[in-house]
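Per-entry structural report
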Amino acid sequence: MAMSKSIDLSPIIDYVKDNPEAIKDSISRSDLLPHLFKIQGQPFSLERFPQFKVMYDMPYTPEMLFLCGRQTSKSSNLSRSEILDAIQMPHHHIIYVAPLRSQAQYYSSEYLQTAINTCGVAQNLQQKGGDESGPINKAVMHQSFGNGSSVILTYAKTSVDRGRGLYGDRIDFDEVQDQNVDNISIISKSLTQSHYGTRRYTGTAKTTDNTIHHLWNRSSQCEWAVKCSSCNHWNIPTLDNGVLEMIRVSGPSCCKCGKVLDVTTGIYAPAYPDRQDTFPGYHIPQIFLPEIVLTPRKWAALIHEVLNQPPLLTVQEILGISYSTGARHISQGDIDNCSVLSPMSEMMKKRPEYAYTVGGVDWGVSEKTSFTVHTIIGVKPDGKIHTLWARRFMGIDPDSVLKEIAKAHRYYRCELLMADFGMGFSNNVMLSKRFSLPVTQIAYTRQNQFLQYRPYLGHPRWTIDKVTALRMLFWQIKYRQILFPPQSEFAIYTRDLLSPYEEVTTSGGLEHVIFHRDPNQPDDFCHALCFAVIGAMRLMDKSPADIIPEAFDSDSEAETAIPAIEHIDPALFGH
């Protein structure tokens with residue numbers, strides 16, 4: 001935002017030059033930037049970069065994330081914020097972590113050093129040392145100041161050894177999309193002795209199994225929402241809210257009525273307000289950045305890119321949205337829309353309301369990335385499915401796991417127990433023989449038929465086409481045929497539903513669809529639920545074609561909507 005013209009900051013700036021520790025909270029730190037820094041010979045202002053004000057003005061939180069498109073001035077703002085903190089707070093130590101040495105060196109020389117060289121206060125603090133500051137460092141990987149503050153740069157894509165033993169008050173993980181989640185936790189031990197102990201993550205979107213997407217899912221997920229001055233529709237730059245419909249030759253436009261938006265009037269709106277005090281996350285796409293939108297040359301270049309590059313790159317690099325070639329079929333919003341049941345303690349009392357109850361078990365193969373999950377669903381007379389109960393078994397001996405599964409199965413009076421065959425044949429036999437449970441085994445395969453009955457060593461077993469089964473599950477969730485208890489208690493299970501993602505592979509000239517899972521997120525509840533739903537379908541004698549509501553794909557406004565950039569023929573513009 002532009003600095004208020006009614007405030008004369010010059011006396012304060014003069015004082016701050018000699019007393020940098022005296023910057024007061026009564027003035028927004030972002031308002032001081034034009035007086036402290038320059039860029040290309042001009043005052044460094046956020047007038048055309050309002051989305052970055054929070055990087056300077058937000059109170060310190062344990063974690064903070066900036067999920068950005070390319071060319072949004074992320075590094076320029078990160079470097080200025082680091083130097084501003086260094087000159088404002090004596091003895092404040094910042095560790096900057098990039099994936100590669102070359103990236104850390106480039107950031108230091110092109111951004112951090114430029115921020116220092118254009119800031120008189122920072123230069124003064126590097127020319128004289130304080131009583132406790134020790135020698136002043138001006139090395140590429142270590143900048144220190146006379147007030148005892150410093151910025152240390154390191155890199156850690158392949159090894160965290162360079163980050164061990166450092167002391168920091170804050171760690172800035174840059175290009176975090178290329179960093180390992182496990183390395184982040186190890187390097188973060190450098191904050192143990194700090195009074196602050198904060199972490200910031202900055203980077204550009206990639207695939208949905210990426211570190212930055214994993215962090216985004218944990219954050220408050222703030223979007224720059226812009227209200228249309230014509231129809232009052234709030235435009236939010238996500239795929240679910242029609243962001244592709246907003247990209248038009250005339251400028252970013254309302255996805256509902258087509259009027260060009262004034263992106264300077266936007267505000268941050270968190271999807272999860274309860275996380276804002278602990279882990280705010282901010283999404284900054286190019287299409288809502290005033291510097292790009294209000295510069296005709298830059299907006300024309302953006303349009304040219306959209307028309308001439310693969311859609312995947314548009315979504316990731318221009319819109320700053322994590323996306324895979326074969327993306328997930330559902331979103332967190334879809335799950336939230338289905339999380340309308342009573343808490344599990346209340347659902348336990350409603351067994352008589354259901355025509356059938358069915359259990360599903362996915363056997364975990366390890367206790368680090370995969371866990372055994374048991375879930376129970378209830379089938380209403382109208383065919384809707386309610387998830388009544390679930391449990392993830394962690395650190396419990398196998399015999400106890402079998403006992404607990406049998407106990408829950410009997411409590412809910414389940415008609416069937418659908419269990420994973422691949423890693424659980426012996427466990428399934430134990431449940432069947434020792435506890436007399438009606439176990440039917442499910443084996444994922446790739447086959448033309450949805451279901452095939454293929455008993456194994458005398459025990460019931462169905463082979464099922466995995467792609468069809470998972471797509472069927474996600475369709476049912478998307479169209480609210482499966483409901484869950486509230487997210488406050490059930491998110492530990494439903495987030496597993498966002499782990500599987502679909503990709504298309506080519507083999508022998510033929511295309512095949514396969515599902516992978518996010519390596520940072522278990523998917524065990526997803527499969528346990530899928531198995532239980534298959535059992536329910538068998539009891540109801542339904543096929544996959546029966547589960548989709550009629551007319552779910554109708555769109556009465558589709559024919560009258562103003563064409564968006566994705567509908568424009570590039571040939572019309574000479575491309």
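Structure: see above.
Just so it is clear, the structure is predicted and the values come from calculations on it, not from any experiment.

Here we have eight strands laid out as an open sheet, ordered E19-E20-E18-E17-E14-E15-E16-E21, and mixed in their pairing. At either end of the open sheet lies a strand with only one pairing partner, and these are strand E19 (451–453) and strand E21 (482–483). Packed on one face of the sheet, helix H16 (residues 466–478) meets strand E16 (385–393), strand E18 (439–445), strand E20 (461–465) and E21 and runs near 75° to E20.

With respect to the helices and strands, the residue Ala419 is situated in strand E17 (residues 416–420). Under the relative-accessibility criterion, Ala419 is labelled buried at 0%. Setting aside residues no more than four positions away along its own chain, Ala419 makes contact with Val361, Trp363, Asn428, Val439, Thr440, Gln441, Ile442 and Phe531.

Let us look at the packing of H16 against helix H18 (residues 524–540). Orientation of H16 relative to H18, taken along the N-to-C sense of each, is 90°, at an axis distance of 10 Å. Judged on the interaxial angle alone, H18 and H16 are roughly perpendicular. Contacts between H16 and H18 involve Lys466, Ala469, Leu470, Met472, Leu473, Phe474 and Gln476 on the former and, on the latter, Cys526, His527, Leu529, Cys530, Val533, Ile534 and Met537. For the contact of H16 with H18, a count of residues per class yields eleven nonpolar, two polar and one charged.

Under the defined criterion, the tally for this structure stands at 19 salt bridges. With a closest N to O distance of 3.2 Å, Glu63 and Arg199 form a salt bridge. Note that Glu63 is positioned in strand E3 (residues 63–68) and Arg199 in strand E9 (residues 198–204), a separation of 136 residues in sequence. Relative accessible area serves as the criterion here: at 8%, Glu63 is assigned to the buried category. A salt bridge links Lys298 to Glu291; its shortest N-O distance comes to 2.7 Å. By relative accessible area, Glu291 is classed as buried at 18%.

Moving on, we get to the side chain of Thr295. Inspection of the secondary structure puts Thr295 in the loop between helix H9 (290–293) and helix H10 (296–308). A relative accessible area of 16% means that Thr295 is categorised as buried. Side chain to side chain, Thr295 and Arg48 meet in a polar contact 3.1 Å long. Residues in contact with Thr295, not counting those within four places in the same chain, are Arg48 and Pro290.

What follows concerns the packing of aromatic side chains. Counted by the stated rule, this structure contains 18 aromatic pairs. Ring centres 5.7 Å apart and planes at 20° place the aromatic pair Phe173 and Tyr201 in the stacked group. Taken together, the residues span a long stretch of sequence, with Phe173 in strand E8 (residues 170–173) and Tyr201 in strand E9 at a distance of 28 residues. Their ring planes at 50° and their centres at 5.3 Å tell us that Tyr444 and Phe531 sit as a pair that is tilted. Remark: Phe531 occurs in helix H18 and Tyr444 occurs in strand E18; sequence separation between them is 87 residues. Taken together, the ring pairs in this structure connect Phe52, Phe66, Trp224, Tyr268 and Tyr282 into an aromatic cluster. A cation over a ring is seen here: Lys380 above Tyr354, with NZ or CZ 5.3 Å from the ring centre.

About the criteria used
Numbering of residues starts from 1 in each chain and follows the order in which that chain's sequence is written. Predicted model: local features are reported for residues with pLDDT of at least 70 only, side-chain atom pairs are reported and counted for 80 or more only, and whole-chain, interface and lining totals are derived from all residues. Think of the side-chain values as coming from all heavy atoms in the structure, minus any hydrogens and water. By this definition, two strands are paired if DSSP reports at least two bridges between them. Where helices and strands are cited, they refer to DSSP runs of H or I of at least four residues and of E of at least two residues respectively, numbered from the N terminus. The contact rule is simple, with two residues in contact once any of their heavy atoms fall within 4.5 Å. Here, axes are lines fitted to C-alpha atoms. For helices the fit covers the stretch in contact, and angles between N-to-C directions go from 0 to 180 degrees. With a 1.4 Å probe rolled over the protein chains alone, any residue whose accessible area is under 20% of its type maximum counts as buried; one over 50% counts as exposed, and the rest are partly exposed. We call two directions roughly parallel when the angle between them is under 35 degrees, roughly antiparallel when it is over 145, roughly perpendicular when it lies between 65 and 115, and oblique otherwise. Throughout this entry, Asp, Glu, Lys and Arg are counted as charged residues, while Ala, Val, Leu, Ile, Met, Phe, Trp, Tyr, Cys and Pro are counted as nonpolar. The remaining residues, Gly among them, count as polar. Salt bridges, as used here, are contacts in which a Lys or Arg side-chain nitrogen is within 4 Å of a carboxyl oxygen on Asp or Glu. Polar contact is the term for a pair of N or O atoms within 3.5 Å; when the atoms are in protein, one must be able to donate a hydrogen and the other to accept it, and sequence-neighboring residues count only if both atoms are side-chain atoms. Note on aromatic contacts: the rings of Phe and Tyr and the six-membered ring of Trp form a pair at centre separations within 6.5 Å, being stacked when their planes are under 30 degrees apart, edge-to-face when over 60 apart, and tilted otherwise. Any Lys NZ or Arg CZ that is within 6 Å of a ring centre and within 35 degrees of that ring's normal is treated as a charge sitting over the ring.

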